[in-house]
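# Structural features, examined
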Amino acid sequence: MAAAALRPRVAALGRRLGPPGARDTFLAKGSANLDKLKDLCNEGKENPSALFQLYTQAVLDITYFEENQLVDEDFPEESALPKLKELISVLSEPEDLVRECSIKEPLNILGADLLECLYWRKGALLYMYCHTAKERSEWVQENIATFKKCLHDGVQYLMKMLSFRCPLQLDEDISLQDKDTARLLSEGIFSDTHLLAMMYSGEMCYWGLKHCGEGKQESLESIDPVSNSDPGSRSQSISLDFQETGRNMLTKYVAVCEGPLKGQGWNTTTAKQMLHYFVKSHS
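Residues numbered from 1 in each chain as written. Predicted model: local features only at pLDDT ≥ 70, side-chain atom pairs only at ≥ 80, totals over all residues. Heavy atoms only, no water.

## Quick word on the overall build of the protein chain
- Within the protein chain, the regular secondary structure consists of 12 helices and 2 strands.
- When the helices and strands of the protein chain are listed from N to C terminus, the series reads α-α-α-α-α-α-α-α-α-α-β-β-α-α.
- Put simply, of all contacts in the protein chain between residues at least 6 apart along the chain, 75% involve residues at least 24 apart.
- Accessible surface for the protein chain amounts to roughly 13,800 Å². Of this, 49% is attributable to carbon and sulfur atoms. (Helix = DSSP H or I, 4+ residues; strand = E, 2+ residues; numbered from the N terminus. Contact = heavy atoms within 4.5 Å. Areas by Shrake-Rupley, 256 points an atom, 1.4 Å probe, with all protein chains shown as cover.)

## A closer look at the nonpolar core
- If you look at the biggest cluster of nonpolar residues, it comprises 82 residues, and the most contacted ones within it are Leu 6, Phe 52 and Tyr 129.
- If you tally residues by element for this core, the top one is helix 6 (residues 106–133), at 14 residues.
- If sequence neighbours within four positions are ignored, Phe 52 has contacts with Ala 2, Leu 6, Leu 97, Val 98, Cys 101, Ile 103, Ile 109 and Leu 110. (Core = buried A, V, L, I, M, F, W, Y, C linked by side-chain atoms within 4.5 Å. Buried < 20%, exposed > 50% of the residue type's maximum accessible area, 1.4 Å probe, protein only.)

## Looking at a negative patch on the surface
- On the surface, Glu 77, Glu 78, Glu 138 and Glu 142 cluster together to form a negatively charged patch.
- As for its placement among the helices and strands, Glu 77 is situated in the loop between helix 3 (48–72) and helix 4 (80–91). (Patch = residues over 30% accessible without salt bridge, like charges linked within 9 Å, V, L, I, M, F, W, Y side chains within 5 Å. Salt bridge = Lys/Arg side-chain N within 4 Å of Asp/Glu carboxyl O. Lys, Arg positive; Asp, Glu negative; His and termini not counted. Charge placed at Lys NZ, Arg CZ, Asp CG, Glu CD.)

## Notes on the environment of Val 155
- In this fold, Val 155 is placed in helix 8 (residues 144–161).
- Residue classification places Val 155 among the buried positions, given a relative accessible area of 0%.

## Observations regarding helix 5 (residues 93–100)
- Of the residues making up helix 5, those classed as buried are Pro 94, Glu 95, Leu 97 and Val 98. Looking straight down helix 5, one finds that the buried residues subtend no more than 155 degrees of arc, so they occupy a single side.
- Of the surrounding elements, those touching the buried residues of helix 5 are helix 1 (2–14), helix 3, helix 4 and helix 6.
- Taken from the residues just after helix 5, Ser 102 is the one with a positive phi, measuring 60 degrees. (Arc of directions from axis to C-beta.)

Read these as layout, nothing more, since geometry by itself doesn't imply function.
Structure follows, in structure tokens:
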């Protein structure tokens, strides 16, 4: 069943590769994983977890090349949004595949690392797009609803990314030299990427409040064309309070950077300025 569900997806990914001579490192890695997947499917070796993880890695590698092209081209105004939606849809395919095979928990099959990568990539892609789009004031004014959806979905993806691992429960047995690490783990920060996700979420909430002029966002149609079809999947279309969410994320970011990560090169100046804006706009 897994092999049958994989075959059309592997073929679709293969069409994104382009000619062999034009492939960079990530496309080459993606191509190698696709070849391996084809062999495994043809051999009928049914280890769904291994097959799905290999497919997910191929998705991550191939879409990374395409994302870099968008960034290098500075998200062209006319073509960036359709391409963005397409990439987010492709990055959502691994979870679709797991559910299509009637496996309820993608976390048990794909693992936390790969799921975090998928949601980080979707959230960070929307962050980079919004970072560029907000400077196009005329476009923002004419497309305020689209801009708001991008911010909303980006924050939701990053919050989902931060939710896959359970924060460490602190206890009295933790030794002194481990206290800083324990504090990070208790805040749900397992890597630099988790910390960046907090900053990006807070920053997107700030842009939402500043450019859209509202705090609470009602349910919005997701950028992801199929994310609303399954209440248990992806960034659910729920209301999001830019002010409250942004304040919470940035408060935690500043506390960690000036606490256990003090002196490690993390800057809090911008985060504090945005926090001041949240407080001022609330009063």
